[in-house]
Amino acid sequence: PTRWTLQARGAAFIPLKQQLRSIFVSGEPTMQLESSYAIFKDKWTKCDQLLLWENVSWTSKSGELPAWGYHTKLNLIPISVGLSYQVNIVRNVDFYFGLGPTYSFLRMKIKYPFDNVHIKRSQFGFMTKTGFRFTFATNYFFDIFGDYYFTEFSKINHYVPRINKVFNGFFVGGGFGGKW
């Protein structure tokens, strides 16, 4: 019985706001590092667990403002902590779902013809988690996941565009990790 997990995850951030999709297209590449600790194991099934998880993500993408064509660079770094419940479906296959707060750092750079604008914001939000873990060789697993992310930053209004302050969307991807 293992209590700790650590995994590297790759995902696509799919924003729900049309404005973000029009600037950066959909499916911004995201790298994540996630760990968890089993704080409670179900004594009847001996497989179901309540997990405390921690996640750090980094999304970086370049794009162009619609109609204006100004180069824009996005860096989004959410740091999350929360609880999830993992249910064993069949041998070596687990389903999990969870929720937790996130603190996000947003950095954007917009290159106008005669000026560069740097936007820096940070704010609390939340993240939900759901996915499947497939265990093999006792202590290794693959993870297929779909996480929902929501953060509302303070206003982001500069010059020509009015960039929406609500960043919400899905992180969809897979990961590889180990248990000990």
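Residues numbered from 1 in each chain as written. Predicted model: local features only at pLDDT ≥ 70, side-chain atom pairs only at ≥ 80, totals over all residues. Heavy atoms only, no water.

Undergrad: What's the story with the overall build of the chain in this structure? I'm lost.
TA: Within the chain, the secondary structure is distributed over one helix and 10 strands. Start at the N end of the chain and walk to the C end: the helices and strands fall as β-α-β-β-β-β-β-β-β-β-β. Along the first, second and third principal axes, the C-alpha atoms of the chain reach 65 × 25 × 25 Å. Expressed as a percentage of the 180 residues in the chain, the buried residues total 43%. Summing over all exposed atoms, the chain offers an accessible surface of approximately 9,400 Å²; the carbon and sulfur share of this is 64%. Computing the positive centroid from 21 side-chain charges and the negative centroid from 11, the chain places the two 4 Å apart. (Helix = DSSP H or I, 4+ residues; strand = E, 2+ residues; numbered from the N terminus. Buried < 20%, exposed > 50% of the residue type's maximum accessible area, 1.4 Å probe, protein only. Areas by Shrake-Rupley, 256 points an atom, 1.4 Å probe, with all protein chains shown as cover. Lys, Arg positive; Asp, Glu negative; His and termini not counted. Charge placed at Lys NZ, Arg CZ, Asp CG, Glu CD.)

Undergrad: In this structure, what is going on with the side chain of Q7? I would like to understand it.
TA: Along the polypeptide, Q7 turns up in strand β1 (residues 4-15). Side chain to side chain, Q7 and D143 meet in a polar contact 3.1 Å long. With near-sequence residues (within four places) excluded, Q7 lies in contact with Q32, L33, E34, R133, F141, D143, G175, F176 and G177. (Polar contact = N/O pair within 3.5 Å; in protein donor to acceptor, adjacent residues only side chain to side chain. Contact = heavy atoms within 4.5 Å.)

Undergrad: Help me understand the layout of surface pockets, please; the structure alone is not making it clear to me.
TA: Using a probe with the size of a water molecule, rolled over the atoms, empty space left in the structure can be pinpointed. Roughly 470 Å³ of volume is contained in the largest pocket. Along its surface, the largest pocket is lined by 24 residues, and T2, Q49, D94, T135 and K179 are the ones closest to its centre. Among the secondary structure elements, those contributing two or more residues to the lining of the largest pocket are β1, β2 (28-41), β3 (49-64), β4 (71-90) and β6 (115-136). The residue makeup of the lining of the largest pocket, split by class, is seven nonpolar, 10 polar and seven charged. (1 Å grid on protein atoms, 1.4 Å probe; cavity = no way out; pocket = protein on both sides within 12 Å on 5 of 7 lines; lining within 4 Å. Points joined across faces, edges and corners; volume = space filled by probe spheres on them. Nonpolar A, V, L, I, M, F, W, Y, C, P; charged D, E, K, R; others polar.)

Undergrad: Hey, could you run me through the pairing of strand β5 (residues 93-112) in this one?
TA: Here is the key point about a regular strand: its side chains alternate between the two faces of the sheet. The sheet contact formed by β4 and β5 spans 17 bridges and is antiparallel. Following the sheet pairing, V87 is matched in β5 by F95. Sheet topology note: the β5/β6 ladder contains 20 bridges and is antiparallel. The residue of β6 that forms the bridge with Y96 is G131. From the end of β5 to the start of β6, which pair antiparallel, there are two residues. (Pairing = 2+ DSSP bridges.)

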